[in-house]
Amino acid sequence: MHNYEIVVPNAFVYPIFYKIGRQMLRLLHGHLLKAGDGCNFYVRNAIMYGYATCGPVRDALEVFDEMPERKVVDWNIYDFWAERNAIT
C-alpha cells in the first residue's frame, strides 16, 4: 500500500502557477490559430476569457477586435475585463 503525503502550495508557488498559466495560454492560442480552430466561437471565447482573467489585457482586446462577428457572450467578456482593468 502506498503512503502519499498531501502537498499544499504556499504563497510562493501561486505566482509561478500564474506565470505558467499565461505562457500556456499563449502557446495554446498560437496552436489553435495554426490548426485553424481560432475562429471557432467557443474556442475564441475561451481564449478571450483566459486573457481577460490572467492577462495581458492587450491580447484580450486583440482577440475581440479580430472577431468577424460579436455575440452577447463576447460583449459580456469584454465588459468583464474592461471593468476589471478600468478601460472605458
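See the structure printed just above.
It should be emphasised that the depicted structure is a prediction, and the values quoted were computed from it without experimental measurement. (Residues numbered from 1 in each chain as written. Predicted model: local features only at pLDDT ≥ 70, side-chain atom pairs only at ≥ 80, totals over all residues. Heavy atoms only, no water.)

Colleague: Summarise the overall build of the protein chain; cite the residues concerned and give the values.
Modeller: A count of helical and extended segments in the protein chain gives 4 helices and 0 strands. Counting from the amino terminus, the protein chain carries its helices and strands in the arrangement α-α-α-α. Sequence separation of at least 24 residues holds for 57% of the intrachain contacts in the protein chain that already meet a minimum separation of 6. For the protein chain, the accessible area works out to roughly 6,900 Å², and carbon and sulfur atoms hold 61% of it. (Helix = DSSP H or I, 4+ residues; strand = E, 2+ residues; numbered from the N terminus. Contact = heavy atoms within 4.5 Å. Areas by Shrake-Rupley, 256 points an atom, 1.4 Å probe, with all protein chains shown as cover.)

Colleague: I'd love a proper account of the side chain of histidine 29, names of residues and values included.
Modeller: Note that histidine 29 resides in helix 1 (residues 14-35). Given a relative accessible area of 15%, histidine 29 falls into the buried group. Sequence-distant contacts of histidine 29, defined by excluding residues within four places in its chain, comprise Ile47, Tyr51 and Val63. (Buried < 20%, exposed > 50% of the residue type's maximum accessible area, 1.4 Å probe, protein only.)

Colleague: Could you give me a rundown of the environment of tryptophan 75, with the residues and numbers involved?
Modeller: Here tryptophan 75 lies in helix 4 (residues 72-84). Residues tryptophan 75 and phenylalanine 64 lie 11 residues apart in sequence; the distance between their C-alpha atoms is 8.8 Å.

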